[in-house]
Amino acid sequence: MTMQSVSNAGQPVPGPVLARTCPSCGGAHRSDLPYGRDGWRTVQCTGCDFIYMPEVPDFAAVATTFEWSASYAAEAARRKRTSPLLNRLDQITRVRTRMFGRRNPMQDVRRHIAAGRVVDLGCGNGSYLASAGAGYDLFGIDISPALTAQADALFREHGGYAVCAPCAHGLTQFETGFFDAAILRSYLEHEPDPAGVLDSLSRALRPGGIAVVKVPNFASLNRRLRGAKWCGFRFPDHVNYFTPATLRELAEAHGYTVTMRLKDRLPTDDNMWAVLRRPG
Ligand SMILES: [Zn+2]
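Rules used throughout
- Residues numbered from 1 in each chain as written.
- Predicted model: local features only at pLDDT ≥ 70, side-chain atom pairs only at ≥ 80, totals over all residues.
- Pairing = 2+ DSSP bridges.
- Helix = DSSP H or I, 4+ residues; strand = E, 2+ residues; numbered from the N terminus.
- Axes fitted to C-alpha atoms, helices over the stretch in contact; angles between N-to-C directions.
- Contact = placed C-beta atoms within 7 Å.
- Buried ≥ 20, exposed ≤ 12 C-beta atoms within 10 Å, placed from the backbone.
- Core = buried A, V, L, I, M, F, W, Y, C linked by C-beta atoms within 7 Å.

Undergrad: With reference to specific residues and values, describe the sheet that holds strand S8 (residues 136-142).
TA: Neighbouring strands of a sheet are bound in pairs by backbone hydrogen bonds; such pairs are parallel or else antiparallel. Spatially, seven strands are ordered S9-S8-S7-S10-S11-S14-S13 in an open sheet, and the strand pairing comes out mixed. Each having just a single partner strand, strand S9 (162-164) and strand S13 (257-259) make up the two edges of the open sheet. Taken over all neighbouring pairs, the strand axes of this sheet differ in orientation by 20° on average, direction set aside. Where strand S10 (residues 179-185) lies against strand S11 (residues 205-216), six bridges are found, and the strand directions are parallel. In the strand pairing of S11, Ala 182 is matched with Ala 211. Across the sheet, helix H8 (residues 194-204) lies against strand S7 (116-121), S10 and S11, angled at about 145° from S11, the strand it touches most.

Next up, the structure:
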């Protein structure tokens, strides 16, 4: 994939915008899909069938212009006025944090990995992992400075810590093979560079380490029935739209073996699950 900051003149939100080629295969050829809102649009790669938004808000550029420090809270009100995009970024992460659901990805981690270091990509305030990760050293990466600070305080009570960065970059701050498991829960659909993240994660996972993935399933029955009214469409927050086939293809292109049981990709479920394993 190539990404380029572009002027957002005429776009519906303030702040920088990224223009993307296919985030899975890098191809530039695509066809338009009839899904979008407020100027945000979706396309399908004609090379690999991956579905994505070709223009996305550059939340990482916004977040990293703010220093992560103890003074954040005192600055919050001013930033709310001066950076509606950063404020929106925090809201999105909070929504992710609230989406508990019935199935906790730590159940999948425990099935494969008895103990060790777990990293939550897009960890939000950390409460989700901290409540389920007893017995593991907990780490997280998130681009929201305020929420990462909360996660850091929680994870330090569990042998780890949290890093404020875009995930692909944050993962480079850990030694090769450092992690036994990773959680990518309601995260990859938000990530402008999913290939870059899976590449960085492959290095940061030990041989035999796993990543538990949960994303909305574009191939679900509900999406087919409800079309543009499907609950999985969130513009501009969900920038990638996976099917079981395109999720598998992206992961295998980065060297993972993929396990998706039938119950992980039920057509009646709006979400799907996968376990990616780094061979070793
Ligand atoms: Zn493609």
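Undergrad: Tell me about unusual backbone geometry, residues and numbers included.
TA: Of note, the bond from Phe 235 into Pro 236 is cis; its omega dihedral lies within 30 degrees of zero at 5°. Structurally, Pro 236 is set in the loop between helix H9 (221-226) and strand S12 (240-241). At Asp 38, a residue that is not glycine, the phi angle is positive and equals roughly 55°. Residues other than glycine seldom take positive phi values, yet Ser 186 does so here, at roughly 50°. Looking at where Ser 186 falls in the secondary structure, it is placed in the loop between S10 and H8.

Undergrad: Quick one: what's the story with H8, residue by residue and with numbers?
TA: Residues Pro 194, Ala 195, Val 197, Leu 198, Ser 200, Leu 201 and Ala 204 constitute the buried set of H8. Those residues of H8 hidden inside the fold are in contact with S7, helix H7 (167-171), S10, S11, S12 and helix H10 (244-253).

Undergrad: Quick one: what's the story with the environment of Pro 54, residue by residue and with numbers?
TA: Structurally, Pro 54 is set in the loop between strand S5 (51-52) and strand S6 (55-57). Sequence spacing of Pro 54 and Thr 42 is twelve residues, and the spatial spacing of their C-alpha atoms is 6.6 Å. Setting aside residues no more than four positions away along its own chain, Pro 54 makes contact with Ala 19, Arg 20, Arg 30, Arg 41 and Val 43.

Undergrad: Summarise the sheet that holds strand S4 (residues 40-45); cite the residues concerned and give the values.
TA: Pairing is antiparallel in the open sheet, where four strands are placed in the order S3-S4-S5-S12. Each edge of the open sheet is held by one strand with a lone partner, namely strand S3 (30-37) and S12. Two elements, S4 and S5, share two bridges in a ladder whose sense is antiparallel. Paired with Gln 44 across the two strands is Ile 51, which belongs to S5.

Undergrad: Could you give an account of the nonpolar core, with specific residues and numbers?
TA: By size, the foremost hydrophobic cluster in this structure holds 67 residues, and its most contacted members are Val 118, Leu 121, Ala 182, Leu 184, Ala 211 and Val 213. Element by element, the count of residues in this core is highest for S11, at six residues.

Undergrad: Can you break down the pairing of S4 residue by residue, with the values?
TA: Here S3 runs beside S4; their pairing, made up of five bridges, is antiparallel. Paired with Asp 32 across the strands is Val 43, a residue of S4. Here S3 folds back onto S4, and the loop between the two strands holds two residues, one of which, Asp 38, carries a positive phi near 55°. In textbook terms, the turn of a hairpin is the stretch between consecutive antiparallel strands, and for S4 and S5 this stretch comprises five residues, one of which, Asp 49, has a positive phi near 75°.

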